[in-house]
Amino acid sequence: MISVEQNQFHLSNNDISYIFHVMPNGQLGHLYYGKGLKSGRDYSHFQTYSNVAPNTTHPYEARPDFSLETVKQEFPSYGKGDFRESSVLIENEAGEIRSDFNYESHIVVNGKPSLEGLPASYTQEEDAETLIVTLKEPSGLKLELLYTIFTNLPVITRSCLVKNEGGERVTIQRLMSLNLDLPDSDYDMLHLTGAWARERHVTEKSLSEGIQRISSLRGASSHQHNPFMALKRFDATEHNGEVLGMHFVYSGNFVAQAEVDHYSTTRVSMGIHPTRFSWSLQPGDGFQSPEAVLTFSSHGLNGLSQSVHQWTHRHMIPERFRTAERPVLINNWEATYFDFDEKKLDDFATKAKDLGVELFVLDDGWFGKRDDDTTSLGDWFVDQRKLPNGIGQLAANIKSKGLQFGLWFEPEMISPVSDLIKTHPDWVVGMNNRHQTLGRNQKVLDFSNSDVVDYLYERMSSIIEETRLDYIKWDMNRNITEPFSINLSNQGEFYHRYMLGVYQLYDRLTKAYPHVLFESCAGGGGRFDLGMMYYAPQAWTSDDTDAVERLKIQYGTSIAYPLSTIGSHVSAVPNHQTKRESPLSLRGDVAYFGTFGYELDPSSLTDEEKEEIKQQIHRYKQIEPLIRKGTFTRLISPFDQDETAWMLFDQEEGRGVVGWYKPIYSPNPKNNQVLKLKGLDRSVDYEVNGKQFGGDELMSNGLPLGVEFNGANHSTSERGGDNQSKIWFISEVDRGGVCDD
Ligand code: DGJ
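Residues numbered from 1 in each chain as written. Predicted model: local features only at pLDDT ≥ 70, side-chain atom pairs only at ≥ 80, totals over all residues. Heavy atoms only, no water.

1. Here we look at the overall build of the protein
On a plain count of helices and strands, the protein comes out with 13 helices and 38 strands. Scaling as 2.2 N^0.38, a compact globule of 741 residues should have a C-alpha radius of gyration of about 27 Å, and the protein matches this with 27 Å. Principal-axis analysis of the C-alpha atoms places the extent of the protein at approximately 85 × 70 × 45 Å. The buried share of the protein, taken over its 741 residues, is 61%. If you take every contact in the protein between residues at least 6 apart in sequence, the share linking residues at least 24 apart comes to 69%. Split by element, the accessible area of the protein, about 27000 Å² in all, is 46% carbon and sulfur. (Helix = DSSP H or I, 4+ residues; strand = E, 2+ residues; numbered from the N terminus. Rg over C-alpha atoms; globule rule 2.2 N^0.38 Å. Buried < 20%, exposed > 50% of the residue type's maximum accessible area, 1.4 Å probe, protein only. Contact = heavy atoms within 4.5 Å. Areas by Shrake-Rupley, 256 points an atom, 1.4 Å probe, with all protein chains shown as cover.)

If you want it as structure tokens, here you go:
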């Protein structure tokens, strides 16, 4: 519900309230964000006008206690006495700052307008309401702030649109999608950090005076810092307490920060990174910011994740993939790398089909003359040395086995050794007459140029049609250096225009071929963000397929993203990233909690392993609907101890699955090991791997893990040694839903 009374805007639903008002000087002040408050009341006293220090500035002369330095704001601008980091910095050609954005009007609409050229959450009319507040600057600039509140979820999205209705050219130097001024700083900041093969580890620290910031200047959202952060009250845990979450629906350069000032208030901002960003607006032009997402939980971090999971599933990923079953795939990358031919692939696919695999994905190396990573990116024509009968024929052969067919592309890249670079040296990012830095032996295509996007669309659509393609893995293996396009007069626009080009290609392809399942990838998880998920409902989580490493990576990723987006595969041992030898059981038990598949050579499997894989696939088919529809709960964190546990449960169906992992054994372990489950019905009896338990006992006493080897119990121990893992299927007894095992 959105109510507007006496200059006060109150967005609320059953869970949350977001309240702001028009301040005495005409700007917007923030009043409250958190657990729902009664609507219809005046909350203007939540704004504190303080007896400020003698040197404080007073932009509004009628009230000497009014200073922008101390009030909580919605859309702070730089240059009028608020010395914290601002949401907006716009200047005219003479360098004068345009900063007096005052309330002009507002409207409320059902549903949510789309954002031109950008990925953004979508709704049905009844799912959400949107408040559009228009602010006006004396120079003629207008700013529309869009706030959408979702009816059944504790989520608010925000974005802004700047329109130049004045008579002079201006330049936007900074535009944050989100500003949230909080009255205190009693929070821990949680964010997801990492590196290639170590993505999204959980990092937490208490806020302190100054700016704590995560960001990317890599031209991609990055392996290093995910565009997500949470602020947790000091007493918040996984299951209790207040947590605020912020996501950015964007895949390029970003900043997300919490600034604690000298009055211990906190300003959260999130937006396109202002470094190397500037956008020229001629009279009549507009600029749309990407969307930021605000979530609130009073049930700890798990509560926040569960809301975000539901919201992403219902309002962000392509609608069709909410209900479409995700296929079990096999990818040939780690099995063959670049070394394959038609016969090898045919054999690979036949054996994979025998195991129960549903989708065969041909990874890098099928085009140009690509025998290693030094050539051919950009030359999206089949390599007839490897596939003499063409890619269409290969696809037809694969499909005739009853498999779906998928292909790898890296559309944004070009190899210095390629036909494309000979014809289009001008399509490369960076200046032609200067050194262009290589990354993985490749350069970046200038996606700010629509000719480049058109070329890729033509190439990719022709291959999609020739192969009747079911799946695309869209990779991106290096970051951008020398950000420069020969077509732009303002190079500050390059990074964002690059992203708009990427989104445009995604948009055109997903609209023309809505049945194709896209999986985004950037050297593993280097662009794992909501912007990508709008087009690609799953993402390759990490190039690190080691099961033990994956516990942390998938655990961390689950904080901000649903399991249906987390590509998780069983790979060969010794693992190609860590050389670790984990048993097939552990590898499967970890990979079940995501969109499942294999990265191994089926010809190298023993008969025993083949049988185990058949069982794994059979099991996963029971888990797959839970990945899309179930509620995921983290039970034990691998960041706290050498043990991990999590569960998925679908309340409607009354069934779920629990996973528990202990990769390293330590001698003489605890007696009475149990795992306390969550989210069950206390009054209901459940069958868990063939035994019956009450929901109350499973949650209060816990599920017995089985006797662990302690040196003396040789004959009775059920578990022991390294690499322990266990999966339990759980179903309500009355529904008779007996599961595998
Ligand atoms: C990086 C990806 O993450 C891998 O899975 C694989 O597709 C390679 N690129 C291929 O070059």
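2. Concerning the pairing of strand β7 (residues 128-136)
For β7, the buried fraction is high: 7 of the 9 residues fall into the buried class. Strand direction decides the pairing type here: strand β6 (residues 102-110) and β7, joined by 8 bridges, are antiparallel. Note on β7: the bridge partner recorded for I107 is I132. With 9 bridges connecting them, β7 and strand β8 (residues 141-150) associate as antiparallel partners. Paired with A128 across the bridge in β8 is F150. Counting the residues in the hairpin turn of β7 and β8 gives 4 residues, including G140, whose phi is positive at 105 degrees. (Pairing = 2+ DSSP bridges.)

3. Observations concerning the site of the ligand
Lining the immediate environment of the ligand, one finds 13 residues, of which D363, D364, K473, D475 and D543 sit closest. Within the side chain of D364, one N or O atom sits 2.7 Å away from an oxygen atom of the ligand. Note that an oxygen atom of the ligand is positioned 3.1 Å from one of the side-chain N or O atoms of W408. Looking at the shell around the ligand residue by residue, the classes come out as 4 nonpolar, 3 polar and 6 charged. (Near = heavy atom within 4 Å. Polar contact = N/O pair within 3.5 Å; in protein donor to acceptor, adjacent residues only side chain to side chain. Nonpolar A, V, L, I, M, F, W, Y, C, P; charged D, E, K, R; others polar.)

4. Side note on a negative patch on the surface
Taken together, the side chains of D685, D696, E697 and D734 define an acidic patch exposed on the protein surface. Here D685 is to be found in strand β35 (residues 685-688). On the basis of relative accessible area, D685 is assigned to the partly exposed category, the value being 42%. (Patch = residues over 30% accessible without salt bridge, like charges linked within 9 Å, V, L, I, M, F, W, Y side chains within 5 Å. Salt bridge = Lys/Arg side-chain N within 4 Å of Asp/Glu carboxyl O. Lys, Arg positive; Asp, Glu negative; His and termini not counted. Charge placed at Lys NZ, Arg CZ, Asp CG, Glu CD.)

5. Describing helix α10 (residues 547-560)
In this model α10 runs 20 Å from its N-terminal to its C-terminal C-alpha over 14 residues, within 8% of the 20 Å that 1.5 Å per residue would give. By the criterion of burial, α10 is predominantly enclosed, with 12 of the 14 residues buried. Among the residues of α10, A547, V548, R550, L551, I553, Q554, Y555, G556, T557, S558, I559 and A560 are the ones counted as buried. Between a side-chain oxygen at the N-terminus of α10 and the backbone nitrogen of V548 the separation is 2.9 Å; the capping residue is D546. (Expected span 1.5 Å × (residues − 1).)

6. Re the side chain of N331
With respect to the helices and strands, N331 occurs in strand β21 (residues 329-331). Not counting residues within four places of it along the chain, the set of residues in contact with N331 comprises F348, V361, D363, K473, Y598, E599 and L600.

7. Comments concerning the pattern of salt bridges
Applying the stated criterion across every chain yields a total of 48 salt bridges. A salt bridge links K142 to E165; the nearest nitrogen and oxygen atoms lie 3.4 Å apart. Here the residue K142 occupies a position in strand β8, and E165 occupies one in the loop between β9 (155-164) and β10 (170-182), the gap between them amounting to 23 residues. The class for E165 is partly exposed, based on a relative accessible area of 46%. Across the salt bridge formed by K614 and E611, the nearest N and O atoms sit 3.6 Å from each other.

8. A closer look at the packing of aromatic side chains
How two aromatic rings sit relative to each other is set out by the distance from centre to centre and by the angle between their planes. All told, the structure shown has 47 aromatic pairs when counted by the stated rule. Relative to F409, the ring of W380 has its centre 5.3 Å away and its plane inclined at 50 degrees; by these criteria the two rings are tilted. A residue pair is termed long-range when its members are at least 10 positions apart, and W380 in the loop between β22 (359-362) and α5 (390-400) and F409 in strand β23 (residues 404-409) qualify at 29 residues. The two residues W380 and F409 agree in class, both being buried. An aromatic cluster is defined as three or more aromatic residues linked by ring pairs; in this entry it consists of F248, Y250, W474, Y503, Y506, F518, Y534 and Y535. Above the face of the Y187 ring, R233 is positioned so that its terminal group lies 4.1 Å from the ring centre. Positioned above the aromatic ring of Y457, the side-chain terminus of R508 is 4.4 Å from the ring centre. (Phe/Tyr/Trp six-rings, centres within 6.5 Å; stacked < 30°, edge-to-face > 60°. Lys NZ or Arg CZ within 6 Å of the ring centre and 35° of its normal.)

9. With respect to helix α8 (residues 494-512)
Here α8 is 19 residues long and its end C-alpha atoms lie 27 Å apart, about the 27 Å a rise of 1.5 Å per residue gives. Inspection of α8 places F494, Y495, H496, Y498, M499, G501, V502, Y503, L505, Y506, L509 and T510 among the buried residues, and these make up the whole buried set.

10. Focus on unusual backbone geometry
Along the chain, V573 connects to P574 via a cis peptide bond; the corresponding omega equals -5 degrees. Tracing the backbone through its elements, the reader meets P574 in the loop between β29 (566-571) and α11 (584-591). Positive phi outside glycine occurs at S222, with the angle close to 95 degrees. Among the structural elements, S222 can be located in the loop between β13 (210-216) and β14 (225-233).

11. Let's talk about the nonpolar core
With 179 residues, the main nonpolar core has L362 and W366 as its most contacted residues. No other element matches α8, which puts 9 residues into this core. With sequence-adjacent residues up to four places away left out, W366 is seen in contact with F340, W380, F381, V382, D383, L387, I391, L407, W408, F409 and I463. Core analysis: the next-biggest nonpolar cluster, separate from the first, contains 20 residues, W660, Y686, L703 and I730 among them. (Core = buried A, V, L, I, M, F, W, Y, C linked by side-chain atoms within 4.5 Å.)

12. Comments concerning the confidence of the model for the protein
Low-pLDDT portions of the prediction should not be read for the details of their coordinates. On average, the protein scores 96 in pLDDT, and the residues at 70 or more come to 99%. Taken together, the stretch residues 737-741 has pLDDT below 50 and engages in 15 contacts with residues farther than four places along the chain or on a different chain. (pLDDT = per-residue confidence, 0-100.)

13. Quick look at the side chain of H223
Looking at where H223 falls in the secondary structure, it is placed in the loop between β13 and β14. With relative accessibility at 14%, the residue H223 sits in the buried group. A polar contact is formed between the side chain of H223 and the backbone oxygen of A522, at a distance of 3.1 Å. Side-chain polar atoms of H223 contact the backbone oxygen of G523, separated by 2.9 Å. Residues contacting H223, with those up to four places away along its chain left out, are T193, G194, A195, W196, E199, A522, G523, G525 and G526.

14. A short note on the sheet that holds strand β1 (residues 2-5)
Spatially, β1-β2-β3-β4 is the arrangement adopted by the 4 strands of the open sheet, whose pairing is antiparallel. Lying at the two open borders of the sheet, with one neighbouring strand each, are β1 and β4 (28-35). Taking the axes of each pair of neighbouring strands and ignoring which way they run, one obtains an average angle of 15 degrees across the sheet. Across 4 bridges, the pairing between β1 and strand β2 (residues 8-12) is antiparallel. Counterpart to E5 in the pairing with β2 is Q8. (Axes fitted to C-alpha atoms, helices over the stretch in contact; angles between N-to-C directions.)

15. Side note on the packing of α10 against α11
Following both chains from N to C, one finds α10 and α11 inclined at 15 degrees, their axes separated by 9 Å at the closest point. As far as their axial angle goes, α11 and α10 are roughly parallel. In this structure, the crossing between α10 and α11 has a hand that is left-handed. Contacts between α10 and α11 involve A547, V548, R550, L551 and Q554 from the first element and L586, R587 and V590 from the second. Here the residues of the contact of α10 with α11 are counted per class, giving 5 nonpolar, 1 polar and 2 charged. (Parallel < 35°, antiparallel > 145°, perpendicular 65-115°, else oblique. Left-handed = near helix turned anticlockwise from the far one by under 90°.)

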